[in-house]
Amino acid sequence: MDLRETGQDTTPAARHDGGMHHLDAIDSHTGGEPTRVILAGFPDLGSGPLAERRRILELEHDDFRAAIASEPRGSDPLVCAILTPPVDPTALTGVLFVNNVGTLGMCGHGMIGLVHTLSSLGRISTGTYRIETAVGVVPVECHGDGSVTVENVESYRFKAALELEVPGAGRITGDVAWGGNWFFITHDVPVPLVRPNLAALTAYAAAIRQALGTAGIRGAGDAEIDHIELQSPSPTPGVDARNFVLCPGMAYDRSPCGTGTSATLACLAEAGRLPPGVVYRQESFVGSVFEAAYRPGTHGIWPRIRGRAHLTAHVHLVIDPADPFAFGIP
């Protein structure tokens, strides 16, 4: 089943009619991190593979990406999920994720928000579904209690105990891992992961990302490591760890980060510190929690992330061609 069978409007509004451009969307948050699902009005991205459509979006429609995700309509932490017809006949829908600076391969909190949104619209019910992304088909489960489980893409540790010289911080150690996005994960944390330290943690994580680039350290296929995850024990009883994740656009993840939690599980699994099937509870910087576990894969692990989203708004976006900030603030 795909959403073309359930009333999904896949016809974009006219872009060059000299008038307003309209898009319909629903906003939600997952553990505090916002998601905007674009239901209709985004320009046509063709019918090729989702990775190809992602590239078309980047090359031909980055202005619309900025219009929906960036200020003044969006915000730095916002991730938008753009619905698009799937290629895989077993998939419910295709989706491309974007944020304030570009596209994302996958987004765990965004996928939870998307599934909750589709459930709220009556387009899906309790059960399991498959959703196609630019990095693969992702199985999801909509539970009766309103929570959502995402079985993320196969995740793995790429480099272990990597030493990195960070200006102003000295030598630190961390792992490079793939969880649908590329992460550098370190337990070398200069200050506690609490809200009063937000500015210091942001600056520290940004310095790590800059140091990775300067040192030429990249992920598989020469991919940029654009997410930085700081890890520490959690002070909350029954929770395994707290994280602070700096996303590519310099916003921190309010949720525990689905792809970051997946990358963490991959590192723990390879280190022999977490057996398959054992629940790992990951706390975000603001106190929300994901429950996660994994099953072994061929090249890494298959992580399962469970969380909860809540609707915040039904939105009709308007792009006024006379607006100097119609496509975002440069």
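Note: the structure precedes this text.
Residues numbered from 1 in each chain as written. Predicted model: local features only at pLDDT ≥ 70, side-chain atom pairs only at ≥ 80, totals over all residues. Heavy atoms only, no water.

**Focus: the overall build of the protein**
Moving on, step 1. Scanning the protein from N- to C-terminus turns up 5 helices and 17 strands.
Moving on, step 2. Scaling as 2.2 N^0.38, a compact globule of 330 residues should have a C-alpha radius of gyration of about 20 Å, and the protein matches this with 19 Å.
Moving on, step 3. When the backbone C-alpha atoms are referred to their principal axes, the protein occupies close to 55 × 45 × 35 Å.
Moving on, step 4. For the protein, with 330 residues in total, the buried portion stands at 55%.
Moving on, step 5. Long-range pairs, those at least 24 residues apart, make up 63% of the contacts in the protein between residues at least 6 apart in sequence.
Moving on, step 6. Just so you have it, the protein exposes about 13,200 Å², and 53% of that area is on carbon and sulfur atoms.
Moving on, step 7. If the 24 positive side-chain charges of the protein are averaged to one point and the 36 negative ones to another, these points end up 4 Å apart. (Helix = DSSP H or I, 4+ residues; strand = E, 2+ residues; numbered from the N terminus. Rg over C-alpha atoms; globule rule 2.2 N^0.38 Å. Buried < 20%, exposed > 50% of the residue type's maximum accessible area, 1.4 Å probe, protein only. Contact = heavy atoms within 4.5 Å. Areas by Shrake-Rupley, 256 points an atom, 1.4 Å probe, with all protein chains shown as cover. Lys, Arg positive; Asp, Glu negative; His and termini not counted. Charge placed at Lys NZ, Arg CZ, Asp CG, Glu CD.)

**Digging into the packing of aromatic side chains**
Moving on, step 1. Here the structure, examined in full by the defined rule, presents 8 aromatic pairs.
Moving on, step 2. Aromatic side chains Phe 42 and Phe 64 sit 6.0 Å apart centroid to centroid with 70° between the ring planes, which places their arrangement in the edge-to-face category. Taken together, the positions of Phe 42 in the loop between strand S2 (33–40) and helix H1 (50–60) and Phe 64 in helix H2 (residues 62–69) put the pair 22 residues apart, joining distant regions of the chain. The exposure classification of Phe 42 matches that of Phe 64, with both residues buried.
Moving on, step 3. A ring pair is formed by Phe 244 and Tyr 252, whose centres lie 5.8 Å apart and whose planes are at 20°; its orientation type is stacked. (Phe/Tyr/Trp six-rings, centres within 6.5 Å; stacked < 30°, edge-to-face > 60°.)

**Topic: the nonpolar core**
Moving on, step 1. With 62 residues, the main nonpolar core has Phe 97, Met 111, Leu 164, Phe 184, Ile 208 and Phe 244 as its most contacted residues.
Moving on, step 2. Per-element accounting of this core gives the leading share, 6 residues, to helix H4 (residues 198–214).
Moving on, step 3. Non-local contacts of Phe 244, meaning those with residues more than four positions away in its chain, are made with Leu 193, Leu 198, Leu 201, Thr 202, Ala 205, Ile 228, Glu 229, Leu 230, Tyr 252 and Phe 285.
Moving on, step 4. Residues Ala 25, Leu 57, Ile 68 and Ile 319 belong to the second largest nonpolar core, which totals 21 residues. (Core = buried A, V, L, I, M, F, W, Y, C linked by side-chain atoms within 4.5 Å.)

**Some points on the pairing of strand S11 (residues 182–186)**
Moving on, step 1. Burial runs high along S11: 5 of the 5 residues are buried.
Moving on, step 2. In this structure, strand S10 (residues 170–178) lies alongside S11, joined through 5 bridges in antiparallel fashion. Its bridge partner lying in S11, Gly 174 is registered against Thr 186.
Moving on, step 3. Between S10 and S11, which pair antiparallel one after the other, the connecting turn spans 3 residues, and Gly 180 there sits at a positive phi close to 110°.
Moving on, step 4. Two strands pair when backbone bridges link them, and S11 and strand S12 (residues 227–232) are joined in this way by 4 bridges, in the parallel orientation. Paired with Thr 186 across the bridge in S12 is Leu 230.
Moving on, step 5. Regarding the hand of the β-α-β motif, the stretch spanning S11, H4 and S12 is right-handed. (Pairing = 2+ DSSP bridges. Right-handed = clockwise from strand over helix to strand, strands pointing away.)

**Remarks on H1**
Two residues of an α-helix separated by three or four positions point the same way, owing to the 3.6 residues in each turn.
Moving on, step 1. Within H1, burial applies to Leu 50, Arg 53 and Leu 57. Down the axis, H1 shows its buried residues gathered within 55° of arc, on one side only.
Moving on, step 2. Considering only its buried residues, H1 is in contact with H2, strand S3 (79–84), strand S4 (93–98), strand S5 (103–104) and strand S6 (127–133). (Arc of directions from axis to C-beta.)

**A look at the pairing of strand S8 (residues 148–151)**
Moving on, step 1. By the alternation rule, side chains of S8 split into Val 148 and Val 150 and Thr 149 and Glu 151, which are all buried.
Moving on, step 2. Bridging between strand S7 (residues 136–142) and S8 involves 3 bridges; their strand directions are antiparallel. The partner of Glu 141 across the bridge, within S8, is Thr 149.
Moving on, step 3. Once S7 ends, the chain turns through 5 residues before running back antiparallel as S8, passing Gly 146 with a positive phi of about 95°.
Moving on, step 4. As defined by bridge partners, S8 adjoins strand S16 (residues 301–307) across 4 bridges and the pair is classed as antiparallel.

**Points about the pattern of salt bridges**
Moving on, step 1. What the rule picks out here adds up to 17 salt bridges.
Moving on, step 2. Residue Glu 283 pairs with Arg 242 through a salt bridge whose shortest N-O separation is 3.2 Å. Of this pair, Glu 283 sits in strand S14 (residues 280–283) while Arg 242 sits in strand S13 (residues 241–246), and the two are 41 residues apart along the sequence.
Moving on, step 3. Given the relative accessible area of 3%, Glu 283 is considered buried.
Moving on, step 4. The network of salt bridges with common partners includes Glu 141, Glu 151, Arg 295 and Arg 304. (Salt bridge = Lys/Arg side-chain N within 4 Å of Asp/Glu carboxyl O.)

**Describing helix H3 (residues 108–120)**
Moving on, step 1. Relative to the 18 Å expected for 13 residues at 1.5 Å per residue, H3 spans 18 Å between its end C-alpha atoms, a close match to the ideal helical length.
Moving on, step 2. Those residues of H3 not exposed but buried are Gly 108, His 109, Gly 110, Met 111, Ile 112, Gly 113, Leu 114, Val 115, His 116, Thr 117 and Leu 118.
Moving on, step 3. Note on H3: the residue one or two positions beyond its end, Gly 122, has a positive phi of about 80°. (Expected span 1.5 Å × (residues − 1).)

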